[in-house]
Amino acid sequence: MVVASRTPILSEKFQSIELPVIDMSAPRSVASSLIIKACQDFGFFKVINHGVSQDIISKMEQESLDFFAKPLSEKLQAGPANPFGYGCKNIGFNGDVGEVEYLLFNTNPVSIDQKSKTISNEPEKFSSLMSSYIEAVREVACEILDLVAEGTWVQDTSVFSRMIRDADSDSILRLNHYPAMPILQQKHCKDRDTSSPSYNCNKVGFGEHSDPQILTILRSNDVSGLQISLNDGVWITVPPDPTSFCVNVGDVLQAISNGRFLSVRHRALTNSYKSRMSMAYFAAPPLHAIISAPPEMVTPFRPSLYRPFTWAEYKKATYSLRLGDSRLDLFRKQEGDE
């Protein structure tokens, strides 16, 4: 278990940060306190000894790579991503673009079964593997949320995890593939992949944004690309680590923690010498779920920051804005609100 300093590690060539690493096999009180500190200070952390089988992870990664290696004409048969299926470069509904191709799934088993028929030559095998992976990472997310509730003295310790265990949970799984991009021959470039050995300019694979859901559980291969912004305008590279899951706070968790936890803006850059692949599980509540901070999160010294809203309301607001636009501010309490 490592709790990093919030001060970025700086050098002559790059700035990067080692995120806190949480051992999920540690005593609950220890893991809980470290997770809470990481959520407050960074909004991002890594987890090890999480209980997800390496066999399931490896098979999921291989199935994903096999799909993205197919000719474009075959991949297009699994699309368009409206909202689920195969997409390429067009990230959202508002003209957001990036150097990425992806598969997007609803985590409902019936939906996965249907989509698998257009993705794999062995749809039953693919569907079973996908469902097993989703179930495993959902358990990691639920355990983290239970530890958050315990560490913040919330009386109902399953109040957060219950939202994603719900049969109507709106959680999704996204498989992102960032093809290797040619080196840009420029002397100056705003979007550098500063952790790359060649230190060349790289294109934005997925633009600046925060995740709207509760929590994200991310797995990526050993290729750099993820960057976070702890301070406005300053991008810090997170070195790749294929031995752990990277976890980050979503907008909804910031709201239900009454602003105590940080939903941090992040982005992904392409790599000039190797493709990058990531698997992101976005834990979300049901559409009808009311998002509000439990009483233990609201005190006279920390009054309620956000008005109650449903996940459906917030999701609609998310889709109405361009990538990177502020969303939680739309739901902040105004003076005079009860």
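Refer to the preceding data block for the structure.
A short tour of the structure in this document, coming up.

About the cut-offs
Residues numbered from 1 in each chain as written. Predicted model: local features only at pLDDT ≥ 70, side-chain atom pairs only at ≥ 80, totals over all residues. Heavy atoms only, no water. Phe/Tyr/Trp six-rings, centres within 6.5 Å; stacked < 30°, edge-to-face > 60°. Helix = DSSP H or I, 4+ residues; strand = E, 2+ residues; numbered from the N terminus. Buried < 20%, exposed > 50% of the residue type's maximum accessible area, 1.4 Å probe, protein only. Axes fitted to C-alpha atoms, helices over the stretch in contact; angles between N-to-C directions. Parallel < 35°, antiparallel > 145°, perpendicular 65-115°, else oblique. Contact = heavy atoms within 4.5 Å. Nonpolar A, V, L, I, M, F, W, Y, C, P; charged D, E, K, R; others polar. Core = buried A, V, L, I, M, F, W, Y, C linked by side-chain atoms within 4.5 Å. Polar contact = N/O pair within 3.5 Å; in protein donor to acceptor, adjacent residues only side chain to side chain.

## Quick look at the packing of aromatic side chains
Thinking step 1. Using the criterion set out here, one finds seven aromatic pairs in the structure.
Thinking step 2. Their ring planes at 40° and their centres at 4.5 Å tell us that phenylalanine 309 and phenylalanine 331 sit as a pair that is tilted. One end of the pair, phenylalanine 309, is in strand β16 (residues 309-310); the other, phenylalanine 331, is in the segment after α8 (311-320), with 22 residues separating them in the sequence. Accessibility assignment for this pair places phenylalanine 309 and phenylalanine 331 in one class, buried.
Thinking step 3. Among the aromatic side chains, those forming a connected cluster through ring pairs are Phe309, Trp311, Tyr314 and Phe331.

## Describing the packing of helix α1 (residues 28-41) against helix α5 (residues 123-151)
Thinking step 1. Running from amino to carboxyl end, α1 crosses α5 at an angle of 90°, the nearest separation of the two axes being 8 Å. What the angle tells us is that α1 and α5 run roughly perpendicular. In this structure, α1 contributes Arg28, Ala31, Ser32, Ile35 and Ile36 to the contact, and α5 contributes Glu143, Ile144, Asp146, Leu147, Val148, Glu150 and Gly151.
Thinking step 2. The residue makeup of the contact of α1 with α5, split by class, is six nonpolar, two polar and four charged.

## Looking at the environment of proline 303
Thinking step 1. Among the structural elements, proline 303 can be located in the loop between β15 (290-291) and β16.
Thinking step 2. Put simply, proline 303 and asparagine 258 are 45 residues apart on the chain and 8.2 Å apart in space, counted from C-alpha to C-alpha.
Thinking step 3. Those residues in contact with proline 303 that lie beyond four places of it in its chain are Asn258 and Val298.

## So, the nonpolar core
Thinking step 1. Counting 69 residues, the largest nonpolar core has Ile144, Leu215 and Ile217 as the members making the most contacts within it.
Thinking step 2. Each residue touching isoleucine 144, except ones within four places of it in the same chain, is listed here: Met24, Ile35, Phe45, Val47, Leu215, Ile217 and Val247.
Thinking step 3. Grouped together as the second largest cluster of nonpolar side chains are 18 residues, Tyr102, Leu104, Leu218 and Cys246 included.

## Some points on the side chain of aspartate 251
Thinking step 1. Within the secondary structure layout, aspartate 251 lies in helix α7 (residues 251-256).
Thinking step 2. Looking at aspartate 251, its side chain comes within polar contact range of the side chain of tyrosine 314, at 2.7 Å.
Thinking step 3. Beyond its immediate sequence surroundings of up to four residues, aspartate 251 is in contact with Ser210, Asp211, Pro212, Gln213, Ser263, Tyr314, Arg327 and Leu328.

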